Amino acid sequence: MSLQLTTYIIVGLTFALYIGIAIWSRAGSTKEFYVAGGGVHPILNGMATGADWMSAASFISMAGLIAFMGYGGAVFLLGWTGGYVLLALLLAPYLRKFGKYTVPEFFKTRYYSDGAAIVAVICLLIASTTYIIGQMTGVGVAFSRFLGVSNNLGVLIGMAIVFVYAVFGGMKGITYTQVAQYCVLILAYTIPAIFISLHLTGNPIPQFGLSSGFQGSDMYLLEKLDHIVKDLGFASYIATPRLSKLNMFVYTLSLMIGTAGLPHVIIRFFTVPKVKDARSSAGWALVFIAILYTTAPSVAAMARLNLHATVNKAVLKGGDVFAPEASIKFEERPKWMQRWEVTGLLKFSDKNGDGRIQYYNDKSKNQEFLAKAEAAGWKGNELYVNNDIMVLANPEIAKLPNWVIGLVAAGGLAAALSTAAGLLLAISSAISHDLLKNMFMKDLSEKGELMAGRIAMVCAIVVAGYLGMNPPDFAAGTVAIAFGLAASSIFPALMMGIFSKTMNRQGAIAGMIAGIGITMLYVFAHKGIFFIKGTEFLGLFGGKQNFFFGIEPNAFGTIGAIVNFIVAFAVKNMTAPVPHDIAEMVESVRYPKGAGAAVADH
Amino acid sequence: MVDKERLEAYWKKNLGLIRNILIIWFIFGYVLTILFVEPLNNIKLGGTPLGFWFAHQGSIYVFVALIFIYAKLIGKIDKEFDVEED
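Note that the structure is a prediction, hence the values are computed from the model and not measured.

> Mind showing me how you'd approach a positive patch on the surface here?
Taken together, the side chains of Lys274 and Lys276 of chain A together with Lys72, Lys76 and Lys79 of chain B make up a positively charged region of the molecular surface. Residue contributions to the positive patch peak at three residues, all from helix α3 (residues 50–80) of chain B. Within the element layout of this structure, Lys72 of chain B appears in helix α3.

Structure (C-alpha cells):
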C-alpha cells in the first residue's frame, strides 16, 4: 500500500473515532457543556489535560528545538512540566473548592466586581487567541503535508472536525475526545522513539537510551553527539545555555507560571468530583505529559546524531570530517531527504560546486575550525534543516514501515486539534457565560445560554480559521508569548485571591493591567505593535536588543508577574480594605470540607 | 472560637508543607539544572553529565513525585484536622 493511502486510512480512522465519541457524549446541559457534568475520573481528566495542553508545538516542534539547542532546550522541558507543581499546590484544589465554572467567575466573586471579571476576560481572550492562532496554523501545515491538500483546505478540514465535537459536545465531548487523542498522540510519539533508541543504543526505552552506550562504539551516546557537533563547529550539546543563565532562569519561570495561569488548563480542574481529585488529577496530568516530555530529549539527541551521520560519514567512523569523500554526494542522498525537499523545510545549495553536501556551522567562532573548513574547500554551510522535521521525518530516517509514518501524522493532528478545542471552549465560555449570562443578559435561560455558548464557539472557530489561513507573520513565535501573557496577568491575581485575605478589588485590577501591560509593551517593542512589522520601537530604549538585562521577549512574563504583585500590593495599601464577607469566603476556600459540585453563578 | 483556631492551625500546617515542597521544586527546577549545572556536569551518570540529565529528564520525574507526595501528605493533614470533604 502506498504511503499516502496508508496515511489517509489511519488519519480517517482516528477522525471517525473522535466524531463517534462526540456523538456518544453530547452535552445536554450547561453543566455538561462547561464542566463535563463534574464527574470526570481524575486519571481520565489527567489524560485529557495532557492532550489539551500538549499542542502541536510540544508534539512537532519541541524535540527539533532541543535537537539544535542541546542543553539550552531545558527551558521548555522544565518550564512546561514544573508549572504543574504550582498548579497542584497553589491553585487547583482551591479553585475546585470555590466551585465555579470559569476563571473570570472566580474573579467576579473573589474581587466582588464586574470590573475584575472583565479585566480577567480580556486577559484570557488575549492569551487564548494568541495561542490559538499558532494551533490553527499548525493544523493547516500538518494537513497540507500529510494529506497533500492545500494549506487553506487543511485549515477548513480542521475547523470542521473541531466544530463537530466541540460545538455539540462542549466540555463533555472535548474531555472524552481528548482522552482518545492522548492515546493516539502518545503512541505516535513513542513508537518511532523506541525503534530509534533500539537501533542506536540497543535499549528499547528511549529515556534510558539517552544515557546508554552508542551501538558499535565504546562511547556513550551523548559523548559521541557532543564530539560530533563540536567537530563540525557547532556549540557543545551538553553545556550551551540559551542566551544567558539569567535569561534561562527567567524563561523557565515564565513558562511555569504561564502553564499554571492558562485558563484552558485551569478549567480542567473544575471537572473532577472532589478537591482531593483536583490535587491528584494534576499529578496524573503531569504523569501523562512526562511520558512525552522525557522521551523528547532522547528523540532530539538521536535525531541530531542521525542527521549528522547521514550527511557526513566520517563522524561515526572517526575519520577526517574534512576529507572530501566524507561528505555525502548530492546524488546519493536518501529518499527521505528528497521527500522533504519538496516541502521547502529541507534545502540544499552546492556553494562550492563539488556535488557533495557539507553541513557544518559556518558561523562558528572557532578560528582554527573555520581555517580547516576553508582549507578543505568548504564555502559555507550547504544544508538548511527546519526544526520541525526532526520529529516528523524521524520514522522515515529510521526506515520504519509506512503505518508508523501514518501514525505520526495522526498524532500531530491529534495534538493540534485537542489543544485548539480546549482553547475554543475557554474562549466561548468566557463570552457566553462570563460576559452574557453574568453581566449583560442576566435573565438568560439555561437553554439560551447553551445556545449562546455554541454560537460563541462557532464564531471563535471562524475567526481562528481565518487567522489560520491568513497567519500574521508572527505565528511561529506566539506560543511562548501566550504563556508570558497568562503568567503576567492571571496567575498572580489567582494566587493573591487565595493566599491573601486582604487583597482587594482595586489591587487585583491594577496588578493585572500593569502586569499584562508591561509584558505587551516589551513584546511590542521587539516585535512591532500588534506584531506589525516596522512598528518596533526599540529606538525608544536606545535600540538595544533584549534591553532589560538581556532578557528575551518570550521570557518577559516573569518580570510582568513580579510587576503585577508589586503594583497590586501597593494599590491595595492605598485603597479601601476588602469587605468582611469576602475575607470570610477566602477563608472557607482554604478547607476542603463542604465542597459541593461546581455550580454556576446565579 | 476553638473551631477557628483549629482551622488556623490547619492552614499554617498546609502553608508549611507547601513551602517545603516548593523548596525541593526550586532545587530541582533551578538550582541543579540552571544555577549550578557546570559543577554538577563533572559528575557522570553512566555517560550522561548529571546536570544535563537533571535539566533534560531527572527533574521532570521529581516534579511528578512532588505532586503525589503533596496530595498524600495534605490528605493526612485534612484528616488530622477533620476538614475532609464529606
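> What should I look at first to understand the confidence of the model for chain B in this one?
A low pLDDT means the predicted coordinates there should not be read in detail. Residues and elements named next belong to chain B. Per-chain confidence: chain B averages 90 in pLDDT, with 97% of residues scoring 70 or above. The least confident element of chain B, judged by mean pLDDT, is strand β1 (residues 44–45) at 82; the most confident is α3 at 94. In the predicted complex, the global pTM is 0.90; the interface-specific ipTM is 0.95.

> Hey, could you run me through the environment of Val321 of chain A in this one?
Residues and elements named next belong to chain A. If you trace the backbone, Val321 turns up in the loop between α14 (314–317) and α15 (335–343). For the pair Val321 and Ala373, spaced 52 residues apart in the sequence, the C-alpha separation amounts to 9.5 Å. Residues in contact with Val321, not counting those within four places in the same chain, are Asp231, Leu232, Asn312, Ala314, Val315, Ala326 and Trp378.

> Explanation requested: the packing of helix α7 (residues 114–147) of chain A against helix α8 (residues 151–201) of chain A in the structure shown.
Between two packed helices, what matters for the description is the angle formed by their axes and the separation of those axes. Residue and element names in this part refer to chain A. For the pair α7 and α8, interaxial distance at closest approach is 7 Å and the crossing angle is 115 degrees. Relative to α8, the element α7 lies roughly perpendicular. Read as a crossing pair, α7 and α8 show a hand that is right-handed. Between α7, through Met136, Val139, Gly140, Val141, Phe143 and Ser144, and α8, the contact on the second element is made entirely by Asn151, Gly154, Val155, Ile157, Gly158 and Met159.

> What should I look at first to understand the interface of chain A and chain B in this one?
Interfaces are often described in size by the accessible area the parts lose on coming together. Contact residues are listed per partner, giving 54 residues for chain A and 48 residues for chain B. Inspection of the chain A/chain B interface yields four salt bridges. For Glu587 of chain A, the salt bridge identified is with Lys4 of chain B, shortest N-O distance 3.6 Å. Here chain A and chain B share 14 residue pairs in polar contact (both at pLDDT 80 or more) between them. Secondary-structure elements contributing two or more residues to the side of chain A that touches chain B are α5 (74–98), α10 (221–231), α11 (245–261), α13 (275–311) and α24 (580–589) of chain A. A per-class count over the side of chain A that touches chain B returns 33 nonpolar, 12 polar and nine charged.

> So what exactly am I meant to see when it comes to the packing of aromatic side chains here?
The geometry of an aromatic ring pair is captured by the separation of the ring centres together with the interplanar angle, meaning the angle of the planes. Applying the stated rule across the entire model yields 36 aromatic pairs over all chains. Judged by centre distance (4.4 Å) and plane angle (10 degrees), the ring pair of Phe330 of chain A and Phe348 of chain A falls under stacked. With Phe330 of chain A in the loop between α14 and α15 and Phe348 of chain A in strand β1 (residues 346–348), the pair connects residues that are 18 residues apart, well separated along the chain. When the ring of Phe28 of chain B is compared with that of Phe54 of chain B, the centres are 5.5 Å apart and the planes differ by 65 degrees; the resulting orientation is edge-to-face. Of this pair, Phe28 of chain B sits in helix α1 (residues 2–35) while Phe54 of chain B is found in helix α3, placing the two residues 26 residues apart along the sequence.

> It is not clear to me how helix α22 (residues 505–527) of chain A should be interpreted in this structure. Could you clarify?
Working note: α-helix, 3.6 residues per turn, so residues spaced by three or four point in the same direction. With 23 residues, α22 of chain A ought to run about 33 Å at 1.5 Å a step, and its terminal C-alpha atoms sit 33 Å apart, in line with that. Looking one or two residues beyond α22 of chain A, the residue adopting positive phi is Gly528 of chain A, at roughly 95 degrees.

> It is not clear to me how unusual backbone geometry should be interpreted in this structure. Could you clarify?
Note: most peptide bonds trans; most residues except glycine with negative phi. The residue Tyr112 of chain A is not glycine, and still its phi comes out positive at about 35 degrees. Secondary-structure assignment places Tyr112 of chain A in the loop between α6 (103–110) and α7. Its identity as a non-glycine residue notwithstanding, Asp82 of chain B has a phi of 55 degrees, on the positive side. Summarising the element assignment, Asp82 of chain B is placed in the segment after α3. Relative accessible area serves as the criterion here: at 47%, Asp82 of chain B is assigned to the partly exposed category.

The rules behind each value
Residues numbered from 1 in each chain as written. Chains lettered and ligands numbered in written order. Predicted model: local features only at pLDDT ≥ 70, side-chain atom pairs only at ≥ 80, totals over all residues. Heavy atoms only, no water. Patch = residues over 30% accessible without salt bridge, like charges linked within 9 Å, V, L, I, M, F, W, Y side chains within 5 Å. Areas by Shrake-Rupley, 256 points an atom, 1.4 Å probe, with all protein chains shown as cover. Salt bridge = Lys/Arg side-chain N within 4 Å of Asp/Glu carboxyl O. Lys, Arg positive; Asp, Glu negative; His and termini not counted. Charge placed at Lys NZ, Arg CZ, Asp CG, Glu CD. Helix = DSSP H or I, 4+ residues; strand = E, 2+ residues; numbered from the N terminus. pLDDT = per-residue confidence, 0-100. Contact = heavy atoms within 4.5 Å. Axes fitted to C-alpha atoms, helices over the stretch in contact; angles between N-to-C directions. Parallel < 35°, antiparallel > 145°, perpendicular 65-115°, else oblique. Left-handed = near helix turned anticlockwise from the far one by under 90°. Polar contact = N/O pair within 3.5 Å; in protein donor to acceptor, adjacent residues only side chain to side chain. Nonpolar A, V, L, I, M, F, W, Y, C, P; charged D, E, K, R; others polar. Phe/Tyr/Trp six-rings, centres within 6.5 Å; stacked < 30°, edge-to-face > 60°. Expected span 1.5 Å × (residues − 1). Buried < 20%, exposed > 50% of the residue type's maximum accessible area, 1.4 Å probe, protein only.

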